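Breakdown of the fold
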Amino acid sequence: MKKTLKAFLNLTAFELDRLSKFLYALIGVTLVANMIGYVLIPLRFTDRINAYMVQNSVTEQQALEVYGELSFYDILQTSWILGPIALGVSALLLYAFFIWYREWLGKNTFAYRLLMLPIPRMHIFYSKFVVIYVSIFTLIAIQIVSLIFGFNLMSALVPSEWLRHMSFFSALSMHPFFYYILPLEPWIFLAINGIGLVFLHVTFTVILLERSFSVKGILIGITYVLITLLIALFPAFLPELIGNHYYLYNSELLILTVLSLGLISFTSIMISRFLLNKKITV
Amino acid sequence: MIEITDIHKQFGRKKVLNGVSFTVNKGEISCLVGVNGVGKTTILNAIMNLTPLKSGKISIDGEKLTSSLYNKIAFIPDAAISLPHYNVQESMDFMADYYDTWNARRAKDIVTFFRLNPSDKLHDLSKGNQAKVNLLLGLALDVDYILMDEPFSGIDVFTREQITEVFSSYLVEDRGVLITTHEINDIEHLLDKVILLDEGKIYKEFNAEVMRETEGKSVIDVMREVYNG
Amino acid sequence: MTKYSKLFSFAFFSIVILLGLVFYQFRSQESSLSLEFYTDEGHIDELSGVNFTGYAFSSTRTIYAPHFEFEEGEFTFRTDQPLIQQLDYQYNPGMNRYVRDYRSFMRGKARHLSLFTETETSIYYTATQSNTNWQAAPDEHVFISHFNKETEEETTFEALLTGGANHNVVATYVDDSALTLVTTGVPEGNSEHSWLIYAFDFDQPQEELSPVADINRLTGSDMIQADSSRLKTERYIPFRSLQTGEIDAFGNVIEYHIDSYYIYDTQSNTLKEMPDFEEGDMVVLSELERIITGNIQGEKAVWYEWAFDTQELNELGSTVMATSSIGRIHDIFPWLEFNENIHLTNGHLYLTEDISIATESRSLIQVLSLDTMETVFSGHIDTVNGPQDLDMDISIQELSFDPSFF
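Attention here is on the structure that accompanies the text. The numbering scheme is per chain: residues are counted from 1 as the chain's sequence reads. Key to labels: chains lettered from A, ligands numbered from 1, both in the order written. Given that the model is predicted, a residue must reach a pLDDT of at least 70 before its local features are reported, and side-chain atom pairs must reach 80 or more before they are shown or counted; all residues, however, enter totals for whole chains, interfaces and linings. To obtain the side-chain values, all non-hydrogen atoms of the structure were included, while hydrogens and water were left out.

Here's the deal with the interface of chain A and chain C
- Residue contacts are defined here by distance: any two heavy atoms, one from each residue, within 4.5 Å place the two residues in contact. In this assembly, 48 residues from chain A lie in contact with 39 residues from chain C.
- The term buried area refers to how much accessible surface (probe radius 1.4 Å) is lost by two components on association, counted for both of them together. Summed over both sides, the interface of chain A with chain C buries roughly 4,000 Å², with 66% coming from carbon and sulfur.
- The salt bridge definition used is simple: a Lys or Arg side-chain nitrogen within 4 Å of an Asp or Glu carboxyl oxygen. Our enumeration of links across chain A and chain C arrives at three salt bridges.
- Of the charged contacts in the structure, one is a salt bridge between Arg107 of chain C and Glu252 of chain A, with a shortest N-O distance of 2.7 Å.
- Elements represented by at least two residues in the side of chain A that touches chain C include exactly helix H1 (3-56), helix H6 (122-157), helix H7 (168-174), helix H9 (186-242) and helix H10 (250-279) of chain A.
- Helix and strand definitions here come from DSSP, where helices need a minimum of 4 consecutive H or I residues and strands a minimum of 2 consecutive E residues; each element is numbered from the N-terminal end. Looking at the side of chain A that touches chain C element by element, the count peaks at eleven residues for H1 of chain A.

Things to note about the sheet that holds strand E22 (residues 337-338) of chain C
Residues and elements named next belong to chain C.
- Two strands qualify as a pair provided that DSSP identifies no fewer than 2 bridges between them. Taken in spatial order, the five strands line up as E17-E16-E15-E14-E22 in an open sheet, and their pairing is mixed. Two strands bound the open sheet, and with one partner strand each, they are strand E17 (270-273) and E22.
- In this sheet, strand E15 (residues 236-244) lies alongside strand E14 (residues 224-227) in antiparallel orientation, the contact comprising three bridges. Pairing of Ile224 across the sheet is with Ser241, part of E15.

What to know about the interface of chain B and chain A
- With 26 residues of chain B in contact, the opposing surface of chain A contributes 24 residues.
- A combined buried area of about 2,400 Å² lies between chain B and chain A, and 57% of that area is made up of carbon and sulfur atoms.
- Of all residues in chain B, Leu50, Ile81 and Tyr98 of chain B bury the most surface against chain A, accounting for 27% of the area lost on that side.
- Here chain B is connected to chain A by one salt bridge.

Regarding a nonpolar patch on the surface
- Taken together, the side chains of Ile218, Leu219, Ile222, Val225, Leu226, Leu229, Leu233, Phe234, Phe237, Leu241, Ile242 and Tyr247 of chain A define a hydrophobic patch exposed on the protein surface, amounting to about 1,100 Å² of accessible area.
- Mapped onto the elements of the fold, Tyr247 of chain A is located in the loop between H9 and H10. Note that patches include only residues with greater than 30% relative accessible area and no salt bridge, and the join distances are 9 Å for like charges and 5 Å for nonpolar side chains (Val, Leu, Ile, Met, Phe, Trp, Tyr). Each accessible area is a Shrake-Rupley result for a 1.4 Å probe, and residues are judged covered by the shown protein chains and nothing else.

Some points on the nonpolar core
- Residues belong to one nonpolar core when they are buried, are Ala, Val, Leu, Ile, Met, Phe, Trp, Tyr or Cys, and are joined through side-chain atoms within 4.5 Å. Exposure classes here rest on a 1.4 Å probe applied to the protein chains alone. A residue is buried below 20% of its type maximum, exposed above 50%, and partly exposed in between. Judged by nonpolar contacts, the single largest core of 172 residues is most densely connected at Phe72, Trp100, Leu147 and Phe204 of chain A together with Leu139 of chain B.
- With 17 residues, H6 of chain A is the single largest residue contributor to this core.
- An automatic or database domain assignment supplies the start and end points of every domain. Structurally, this core is a two-domain feature, drawing no fewer than three residues from each of domain 1 (1-184) and domain 2 (185-282) of chain A.
- Leu113, Tyr125, Phe147 and Ala159 of chain C belong to the second largest nonpolar core, which has 30 residues in total.

So, the environment of Leu160 of chain C
Residues and elements named next belong to chain C.
- Within the secondary structure, Leu160 sits in strand E8 (residues 154-161).
- For Leu160, a relative accessible area of 26% corresponds to the partly exposed category.
- Sequence separation of Leu160 and Ser194 is 34 residues, and the distance between their C-alpha atoms is 17 Å.
- Setting aside residues up to four positions removed in sequence, Leu160 forms contacts with Glu140, His141, Glu207, Glu208 and Leu209.

Read these as spatial facts, not as claims about activity.
And the structure:
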């Protein structure tokens, strides 16, 4: 294995090791909450149907007309499923900050050690970057496994004639949240992750600006975020600026957007590289 | 040779270093002395590229510091630089993973010398033992230069004696050492060069031994002259 | 366990599961959606030159409202196209054809078929700035472009529409170099919108155009609709006036009735009212120099040609309609245009209607020949699996004609 690659993998494995307990906790919360949802919602539904049938002396069909059939989509909409996802997203967002600040904060100044490693300092940047992405994909993968299990569990708990005919993928595709976070539509998945990638680059750059220039760095960071927002949204406002909504085709606007995001990522990498090599202060 | 040429540094409006130049040679122990806030730690950080300078030049054996040169120079700061939940052995393993210059045999010698227990977690160690671990992680590297920031700070007299022994041992032999300390008495006799800083500049650069022999002054005496006017 | 095992396990697990999901999704796709015409009468070849877009909406299937296009007798799905094409996709087959074939001409031009008129050799585009700049208010300036398909040369003029304000171009009828601009605008000295007609000639372009007719004033009606002609090469333009019907408790009109049909002659700039039928529905269409009117009662329609000059009705014959309501919309609202579901091209009537099969709806198309008075085609669109797919609505949205076929 090439030396620098080995060093990078070492560092990434090391960073992941530091994150793993946190990740296990998120996986645990996701699985437990999901399992409760998969069992609770179908049981409540069947109880309600049965109770209605007994109380009103009506047939199964009549009860279903009142309550409707259960679908996996109904389960997907509950907080038992959406809650852990929201938790995971916000936790990893916070972790994107924590992954850097923990090197400086508290009694330990591990930043000394990291910055004095005989490896390119951008390895530190990308090891943290990769770890965040590995965590995101691990959580998505866990969610997928959980959903497949949940779909089958629901089908086992509820009589098939009480279930609305809706395939697993139909339920997921119809849900705006899962439509965007799961790889159901390759281009959507790519776009979302592309935007995420740029966002993480900018976030890391802002953190490094703060670490390099302190309070002044916060102001520079805010300005940088505003500039990146302007650049990212520029293609969206371009038709307004040129006063013609049909001058550029949507495909051309997309290409411009991709270029803008690429420019933001590239600039963020270059700034981060400069800061890590020349300006960072322990 | 570590060559520091006309370095300037300021924090906000306060000028901390205002044209400092000196060299650190292999086989010599040099010591930066001065009152608190005079810029001693800043110089060490600047040599290690851990803080940016306003201007000036620092080279190590004629080369600008890059990440690969961290295999040539080690810095032992006045702060724990391994993870608190790591034990001593894990800390050494971490170093071995990244540094080509990690010398396991020497590390074992230092562990024995300092009577450290490899399975002890860092967050359970006393300040003195934490300082020893810092020294272990720096001294076990086969590097040409070692920088130490306040190695005696806040530690008991017995540990201090143990650390002082390091300076006359093979662990620093043939290396260029740059140290900052307030506890100058403990190692004064071992110093080849003393660099006295005042108001962002080098006030005096001298050999402690020669100073004692020619003028009968200790390093502390010279400092008193400078700071008490 | 090596120090990399955790990293590789997480990465491997994620890749396997994500790829597994993609594979599982690919395998579990019911059989990708495939549409075809179920022909009741005639042959599908009769739909040559007829293009339309539509959607197949399913509330329970993975395929979620995919838009399809019917062109040259083939169904294609928007989602099957390369990404770039999908992004530039317009929900109108005519617009898609223009964007595909005349991309640079289409740059900067609003993608509304009503603003374009196509002949065998040319494309005309007439629009105001507000058509392309959504922030701009409708004004009096109109941009008129002529595109020569062969030489790919574009000629553009800007003209000022006088005699009114806040213009909106609804259609442009073309006869060689002579253009008839059908606009809505506020005439001078008036506060209500009116249908104003302007004439423009490429051979003698004028910088200022004055209205040649005010349809509302001529009809005495404040609710006028124009024929939604797809070709706009006709000499005569049908208009119709509406009357308000039932009004609810809050004073809102909830029903409209057809009052009268009118024909506007683009050559003489005159308007004439058509005679009504005593019973049944009336439809009025035009093609080139002909004005066709139909009297539909139930599934029987009697077709006439109406002479603009003599105002005589000449019976052409009668046909059987596929349903008693095909080609018409019974809930009338004062939109700008009528005849959305019936078009006359090349002596053929193209009629569409969404029909119900069980609880779902399907689009039905009937093509009638006015020469033979026969149905030359009748059929509906359905999935290849046919009636088993009962959880899906299939509907035609925009129908257009490719003039090169006629």
